[in-house]
Structures are given as structure tokens and as C-alpha cells.
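Take a look at the letters that make up each chain.
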Amino acid sequence: MDLDRLQNKLYENKSLFIGEDTAFRSAVIIPLVKAEGEWHVLFEVRALTMRKQPGDISFPGGKIDITDASPMEAALRETQEELGIDPKTVQMVGELSPYVASPSFVVYPFVAVVDYHEIIRSYNKDEVEEVFSIPLKWLVDHEPYMHTVAIETAPPKNFPFEKIMNGDQYKFRSHSLEEWFYEYGNYTVWGLTARVLKHFIDIVKK
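The structure presented is a predicted model; accordingly, all values stated were derived computationally and were not measured.

*Asks:* Mind showing me how you'd approach the packing of aromatic side chains here?
*Replies:* Describing an aromatic ring pair means giving the distance of the ring centres and the angle of the ring planes. Per the stated rule, a full pass over the model turns up 10 aromatic pairs. Pairing Phe 43 with Phe 59 gives two aromatic rings, centres 5.2 Å apart and planes at 25°, and the pair type is stacked. Of the two residues, Phe 43 sits in strand 2 (residues 38-46) while Phe 59 sits in the loop between strand 3 (57-58) and strand 4 (61-63), which places them 16 residues apart along the sequence. Here Phe 43 matches Phe 59 in class, with each residue buried.

*Asks:* What should I look at first to understand unusual backbone geometry in this one?
*Replies:* Of all residues except glycine, most have a negative phi; of all peptide bonds, most are trans. Backbone geometry places Glu 36, a non-glycine residue, at a positive phi of 50°. Mapped onto the fold, Glu 36 is located in the loop between strand 1 (24-35) and strand 2. Here Gln 53, not a glycine, exhibits a phi torsion of approximately 50°, which is positive. As for its position among the elements, Gln 53 is in the loop between strand 2 and strand 3. In this structure Gln 53 comes out as exposed when scored by relative accessible area, which is 52%.

*Asks:* What is the right way to look at the side chain of Glu 179 in this model?
*Replies:* Mapped onto the secondary structure, Glu 179 falls in strand 10 (residues 175-184). No salt bridge is formed by the buried Glu 179, whose closest oppositely charged neighbour, Arg 195, lies at an N-O distance of 6.5 Å. Of the polar contacts made by the side chain of Glu 179, one reaches the backbone nitrogen of Gly 191; its length is 3.5 Å. Those residues in contact with Glu 179 that lie beyond four places of it in its chain are Tyr 145, Met 146, His 147, Val 149, Trp 190 and Gly 191.

*Asks:* What exactly am I supposed to notice about the environment of Ala 47 here?
*Replies:* With respect to the helices, strands and loops of the structure, Ala 47 is situated in the loop between strand 2 and strand 3. By relative accessible area, Ala 47 is classed as buried at 1%.

*Asks:* Whenever I open this one, the nonpolar core confuses me. Can you help?
*Replies:* In globular proteins that are soluble, nonpolar side chains generally tend to be buried together. In this structure, Ile 30, Val 41, Phe 43, Phe 59, Val 189, Leu 197 and Phe 200 are the most contacted members of the largest nonpolar core, which totals 25 residues. Contributions of two or more residues to this core are made by strand 1, strand 2, strand 7 (105-113), strand 8 (128-135), helix 4 (136-141), strand 10 and helix 5 (191-205). If sequence neighbours within four positions are ignored, Val 189 has contacts with Phe 43, Ile 57, Ile 134, Trp 180, Phe 181, Tyr 182, Ala 194 and Leu 197. The next biggest cluster of nonpolar side chains, apart from the first, holds 22 residues, and it includes Ala 27, Val 33, Leu 76 and Phe 110.

*Asks:* Looking at this model, I keep getting lost on the layout of surface pockets. Mind explaining?
*Replies:* Rolled over the atoms, a probe with the dimensions of a water molecule shows which regions are left empty. Put simply, the largest pocket is a space of about 860 Å³. Taken together, 27 residues form the lining of the largest pocket, with Arg 46, Gln 53, Gly 61, Gly 62 and Phe 105 sitting closest to its centre. If you list the elements that add at least two residues to the lining of the largest pocket, you get strand 1, strand 2, strand 3, strand 4, helix 2 (71-83), strand 7 and helix 5. Among the residues making up the lining of the largest pocket, the classes are represented as 9 nonpolar, 7 polar and 11 charged. Within this model, the second largest pocket holds a volume of roughly 310 Å³. In terms of lining residues, the second largest pocket is bounded by 14 residues, among which Tyr 99, Ala 101, Ser 102, His 175 and Leu 177 are the most central.

The rules we used
- Residues numbered from 1 in each chain as written.
- Predicted model: local features only at pLDDT ≥ 70, side-chain atom pairs only at ≥ 80, totals over all residues.
- Heavy atoms only, no water.
- Phe/Tyr/Trp six-rings, centres within 6.5 Å; stacked < 30°, edge-to-face > 60°.
- Helix = DSSP H or I, 4+ residues; strand = E, 2+ residues; numbered from the N terminus.
- Buried < 20%, exposed > 50% of the residue type's maximum accessible area, 1.4 Å probe, protein only.
- Lys, Arg positive; Asp, Glu negative; His and termini not counted.
- Salt bridge = Lys/Arg side-chain N within 4 Å of Asp/Glu carboxyl O.
- Polar contact = N/O pair within 3.5 Å; in protein donor to acceptor, adjacent residues only side chain to side chain.
- Contact = heavy atoms within 4.5 Å.
- Core = buried A, V, L, I, M, F, W, Y, C linked by side-chain atoms within 4.5 Å.
- 1 Å grid on protein atoms, 1.4 Å probe; cavity = no way out; pocket = protein on both sides within 12 Å on 5 of 7 lines; lining within 4 Å.
- Points joined across faces, edges and corners; volume = space filled by probe spheres on them.
- Nonpolar A, V, L, I, M, F, W, Y, C, P; charged D, E, K, R; others polar.

Right, dumping it as C-alpha cells:
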């Protein structure tokens, strides 16, 4: 085995985590807008007619397609589809660390400045019920609260227990998931959106 060649291969093929190439990958934008003289973070309320997560609060974004050149391109494409924003008018500020929700699901978040007035005129009502914003200062000053959700591993009946030590008595590791909640007026931001938002706000606070 040629160690130099192996070293080059390991360097060239380094991924974020094992399984990244087969995981469901999505990208979102945390939209910053100027409103009433101060910075706000913009959110979407998913249309009530949507098949998945109707009425949930989210950032614009979605699945990274094979035709997308990069996660950022996917985030811009999805934002245009949902909010009607021309990608050329979006001022990209930076990229956050990816959120690895599980080995099969990863989210690439970006922070960008967008035109609030352009959104109000053009958002896609088939996908977006409404848009609203929360002052960045409010998010910095108000801590979210957290609840935990227990995640249990439950192998299917056809799992090959005979191949592992202790068979069907094997103690699979369980873990808990932190769910964060921001409550602003009548809106509750939680789930993946709140997790990404909290990471962003923690950076702003530093």
C-alpha cells in the first residue's frame, strides 16, 4: 500500500461526517431584514395546505438537489421559490456550522441580508402562509426555554440479533434530544428552526 497515495485520498475525500454523501441534505437561509430602523430576523409560516409540517415556523430553504452546485446555491434557489427574492439582490453574510440532526439528515445554514419589502410583495402563497420578523435585539435579550425528548432505538423484527453479542437482549443506547422554544407574541419558534436560530444568536452574543 502506498501511504502517500492513501494520505492524498483521505485528504481529498474528507467529508463533514461519515454518511454525508448519502444523507438527506438541506440548506436554509437566516434572513436579516431592516425594519423600523433595526435589524430583524425573518421567518416563514408554512402554508396550511403543505403535506409536511403545515403551519410550522421555518427559515426559507429546502432539499439540496443534485443540480445545485453547492448548499449555498440550494439555499438561494429555495429562498427565491418561497419568498420570490432574486438571488442577485441577496447579500450573503456568512455560513454557520452545519447542523447534523442525525447521520441521515444534515442542514447547512447561511446568514444573509434580504429586502423585506420585496418579500411582502412576492412570497409564494402556495408554500408560505405568512411571513413575520422578530427584532434581533429581542432574540439576544430573551433566552429560549428547553424541553428534552427521549429517543429510543427500536430494531425491526427482522434485525439479525443472532449476529451480535447478547442477541435480542442487547442494550441499545438511548439518548435525549433538546428541543428549544422561542415565544414571541402569538408565534412559537421551535424544532430545527429554533436549534439553528439559537446557534446563530449565541454567535451574535459573543
